[in-house]
Structures are given as structure tokens and as C-alpha cells.
Amino acid sequence: MRAVVIGSGIGGLLTSSFLARNGYEVTVLEKAPYIGGRFTNLNYRGFGLSTGAFHMLPHGEDGPLAHLLRLLGAGVRIVNSEPKGKILYGGKTFHYRDGWKYLSWRERARAMKLLADIKRNRLPTGEEAEMSGREWIREKIGDSEFVDLFIKSFLGWADSVLDVPAGELAREIKAALKWGGPGLVKGGCKAVTDELAKITEANGGKVLTRKRAEQVDPDGKKVITADGDELPYDVLISNIGVRETVELIGRDNFDREYLKRVDSLRPSEGIKYNVALRGKPRVGNTVVFTLDTERINGYNEPSSVSPELAPEGYTLIMLHHALQSRNVKAEQRKGIEDIHRIFPDFDKEGEILLIQTYLDGNPVNRVASGQTVGDFPIGDVYIVGDAYKPPGGIEVDGIALGVMRTLERLGLGSFSEWHL
């Protein structure tokens, strides 16, 4: 069986590793000169930045990506965060559990009941599932400024949007209750994608860079590259997005209703700030949800687990916010103001290394959380990556859940215990 994988992001390489391990003749096509997509390291002025992600897995060593890496025997070390999260609110940074004190006794009781219901899989359905997630939380808990700001911060950090449907938010909360909080990857994102490429190649697969897929012929079952090569396939895995895959195959091969759903998909977009601070880590291996800010939704310190990601005497900070307008310069300006708000002595002890904006053809996620078009309608073609995250799946753990679904459809495993 021949498999062609378009795109060497985390979804493509994760799938290619399992295909190669199961006897497929695998070829991975990557248009860039490097592998990993938005999940690898970017060496910049002695710092190990990332091409997109935060060197972190949202559910650490207990989540779906870590599970798949263990099945593959991947040599990747993930260090769970402790605490799972911190909160910046009212000018103070504190353990997330201390946030309960900002709720009234009535709000606390209602919040605990809601969490218990979600844990028991009592999730919103029908019209309730489609309503605003933040409005749903307000209805369930009460009109708490603290709770709303926390949900906004969480969604901005995890999904790069400021609201999702209630059904999606409930499943994201369920995932956090089920699998716990985040964890940093020792060595950063590159440690994961390099290991997956190594596993693919060790099992006979090829990972080709500077190799762009130009067209897919679904009748002849072949991929035509920009330099004229024709690669036949029995299974095609696309890691480049739903809309982009439709364009490769040709819109004439799809019915009008499906194209309408594809055209309605919207990406999530955001800005990442890479910051150097002099001295030791401030908060360690955790995520800080920033409720006091106008734009920044959260930040972490990857060098607290991987000191090699920063020169000696420095700490690497990564901050992120979901875009609220298309005026990128204004958005960046507000983000920089927030950085000074978070770190009052920033002018003395820090500097901004690099600002990365993710929108248009290079968004945070090609399909924002809470949207779906279902399975791809062309036979033997499967979508993986940030355009195919099942409900409740966030960041790379959401990508891993999508890969699990694909592996199940290919008869390469059963992952029902991971369904949300």
C-alpha cells in the first residue's frame, strides 16, 4: 500500500509514522526547506523560538498526543506543568485554585455543579450547544467578571478565538478535567517533529523537503508535484487544510453543498510575542492566564524546562493573543502595551525578540475550534492537522485526536476511550 502525505506538520508526520510502522510505503511532501510546519524550532539570536506553537502540549504527558508518541516509542520527554496554571488578575499572579475566592458562594456552588455535570458527560445539546459559550457560562454560573475574563483568556490562549459554541467549550472543559493541564516538551517543538520524521524514515518512509504538491488526480490516484513528478497513492493524507486540499483536487470534483460548507470555514488568527528577560524564570513550568490585559491572553516560559532555548542569564517568554481586528499594527501596539503591564520593569530587564503574526495563508488554525464539515468526501483522501480537530480538541492534542480518527478509519487502531 502506497501512502502520500502532503505537509510535514505535526499531523502529517504523526500519521506518516503510524503508516510506515504498519507497512505502508510512505512519501511525505513538504514545500518548505524544513520539516515540522508550525511545530518546530526557530533559532534566532541564540534563542530557540518556535515556528508557531509554544513548545507545550495542552494536556502534557497525559493527553492524546503523548499517548500516540508512546505507542510509537518516540524518544520525547514531556514535563507536566506544576501548577497546571496561574492567573494574573488585580495586579497579582496566583495559583489557579485561588481563583475560587473571586466567586460568591452561590457562583461557586453553581460552578462546581457545572463541572460535575460536564465530568458526567451531561453536555449541552441542540440549540444550547450552538449558543455562545461565554453566554452559556454566564447562564450557568452567573454574571461574574472574573469567570468571563478567565474563559476569554483561556479561549484566546488555547483556540486563538474569544468565544466558541457552548458544545465546544463544554468538551474543552471536559478534556481538561479528564487529561489535566499542560506540559512543556524538553527541547521544544522540534524534539517531537524530528523524532516523528526519524520514525517514518526508520520504517522505510521518505520525507522530502522543497517538494510542493501542485495537483491531485483523484481518478488516477496520483499527486503531481511542482517539478513534474507523479506519485501514485492508495491512501492520501493531507495536512494542508480542507480548503487547500479541495483546491488541489479541483472544485469541480465536489458538490455545491459541500463547497458551501468549506467556504464558510473561518480560521483562528493571532499574534505571538517572543520575549527575552534577564535572569531566572519568573513563573516556571506553567501557563499564566492574563485577565488584567487588553490583548494578551496568556504566556509561558519554555526555557524553565529547556534552558538551552535561551542564552545563559536569560529566560524565554512566549505570549499570545487572539486577533480582534485586521489592523495588525494597532493589535501589536496593544499587545506590547500589555507586555509592559505584565512586566512593569520590562524596559530595564527585557526586550522583544520577535513578533510573529498568524493570519491569512498562515493562521493559527486553518479551521477555528467549533467548526466542522465532516469527513472528506473523496475516497482514500484524509484530512489531518489543525483543520481537522474533533470537538473538544485544542492545539496539538486536538490534532492528535484527529489523527486517531483517521487511523481508526484506516483500520490501524481503536481509540474510542479518547473520544470526547
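For the structure, check the block above.
The model shown is predicted, which means the values in this text are computed figures rather than measured ones.

1. Thoughts on the packing of aromatic side chains
Here is step 1 of the chain: Under the defined criterion, the tally for this structure stands at 13 aromatic pairs.
Here is step 2 of the chain: Each ring, one from tryptophan 179 and one from tryptophan 418, has its centre 5.2 Å from the other, and the planes form 35 degrees; the classification is tilted. Residue tryptophan 179 is located in helix α7 (residues 166–179), and its partner tryptophan 418 is located in the segment after α13 (395–409); the two are separated by 239 residues in the primary sequence. Side by side, tryptophan 179 and tryptophan 418 carry an identical accessibility label, which is buried.
Here is step 3 of the chain: Taking the centre distance of 5.4 Å and the plane angle of 65 degrees together, the rings of tyrosine 299 and phenylalanine 343 count as edge-to-face. Pair noted here: tyrosine 299 is in strand β17 (residues 298–300) and phenylalanine 343 is in the loop between α11 (328–342) and α12 (346–349), with a separation of 44 residues, a long-range link. Across this residue pair, the class does not change: tyrosine 299 and phenylalanine 343 are buried.
Here is step 4 of the chain: Cluster of aromatic residues (ring-pair linked, three or more members): Tyr89, Phe94, Tyr102 and Phe146.

2. Regarding the side chain of serine 16
Here is step 1 of the chain: Among the structural elements, serine 16 can be located in helix α1 (residues 10–21).
Here is step 2 of the chain: With sequence-adjacent residues up to four places away left out, serine 16 is seen in contact with Val5, Val26, Val28 and Thr200.

3. Examining the packing of α1 against helix α2 (residues 64–72)
Here is step 1 of the chain: Following both chains from N to C, one finds α1 and α2 inclined at 30 degrees, their axes separated by 11 Å at the closest point. Here α1 lies roughly parallel to α2, going by the angle between them. You can see that α1 and α2 cross each other, and the crossing is left-handed. Judged by residue contacts, Ile10, Leu14, Ser17, Phe18 and Arg21 of α1 engage Leu65, Leu68, Leu69, Leu71 and Leu72 from α2.

4. Describing the packing of helix α5 (residues 133–141) against helix α6 (residues 145–158)
Here is step 1 of the chain: Running from N to C, α5 and α6 cross one another at 150 degrees; their axes reach a closest spacing of 10 Å. On the basis of the axis angle, α5 is roughly antiparallel to α6. The chirality of how α5 crosses α6 is right-handed. Packed against α5, whose contacting residues are Arg134, Ile137, Arg138 and Ile141, the element α6 presents Val147, Asp148, Ile151 and Lys152 at the interface.
Here is step 2 of the chain: Here the contact of α5 with α6 is built from residues that sort into four nonpolar, no polar and four charged.

5. Observations regarding the sheet that holds strand β5 (residues 56–57)
Here is step 1 of the chain: Pairing within the open sheet is antiparallel, and its three strands lie in the order β5-β9-β6. Among the strands making up the open sheet, the edge pair consists of β5 and β6 (78–80).
Here is step 2 of the chain: Inspection of the sheet shows β6 paired to strand β9 (residues 183–185) by three bridges, in the antiparallel sense. Bridge pairing in β9 places asparagine 80 opposite glycine 183.

6. Observations concerning the sheet that holds strand β12 (residues 222–225)
Whether parallel or antiparallel, the strands of a sheet pair through hydrogen bonds between backbone atoms.
Here is step 1 of the chain: Pairing is antiparallel in the open sheet, where three strands are placed in the order β11-β12-β13. Each edge of the open sheet carries a strand with a single partner, namely β11 (213–217) and β13 (230–232). Going across the sheet, the axis of each strand differs from the next one's by a mean of 25 degrees, ignoring polarity.

7. Quick word on the pattern of salt bridges
Here is step 1 of the chain: The full count for this structure, using the stated rule, is 27 salt bridges.
Here is step 2 of the chain: Among the ionic pairs, arginine 134 bridges to aspartate 148, the shortest N-O distance being 2.9 Å. With arginine 134 in helix α5 and aspartate 148 in helix α6, the pair connects residues that are 14 residues apart, well separated along the chain.
Here is step 3 of the chain: On the basis of relative accessibility, which here comes to 17%, the residue aspartate 148 falls in the buried class.
Here is step 4 of the chain: With a closest N to O distance of 3.1 Å, lysine 334 and glutamate 294 form a salt bridge. Taken together, the residues span a long stretch of sequence, with lysine 334 in helix α11 and glutamate 294 in the loop between β16 (287–290) and β17 at a distance of 40 residues.
Here is step 5 of the chain: Judged by its relative accessible area of 27%, lysine 334 is partly exposed.
Here is step 6 of the chain: Of the residues examined, glutamate 294 reaches a relative accessible area of 36% and is grouped as partly exposed.

Conventions adopted
Residues numbered from 1 in each chain as written. Predicted model: local features only at pLDDT ≥ 70, side-chain atom pairs only at ≥ 80, totals over all residues. Heavy atoms only, no water. Phe/Tyr/Trp six-rings, centres within 6.5 Å; stacked < 30°, edge-to-face > 60°. Helix = DSSP H or I, 4+ residues; strand = E, 2+ residues; numbered from the N terminus. Buried < 20%, exposed > 50% of the residue type's maximum accessible area, 1.4 Å probe, protein only. Contact = heavy atoms within 4.5 Å. Axes fitted to C-alpha atoms, helices over the stretch in contact; angles between N-to-C directions. Parallel < 35°, antiparallel > 145°, perpendicular 65-115°, else oblique. Left-handed = near helix turned anticlockwise from the far one by under 90°. Nonpolar A, V, L, I, M, F, W, Y, C, P; charged D, E, K, R; others polar. Pairing = 2+ DSSP bridges. Salt bridge = Lys/Arg side-chain N within 4 Å of Asp/Glu carboxyl O.

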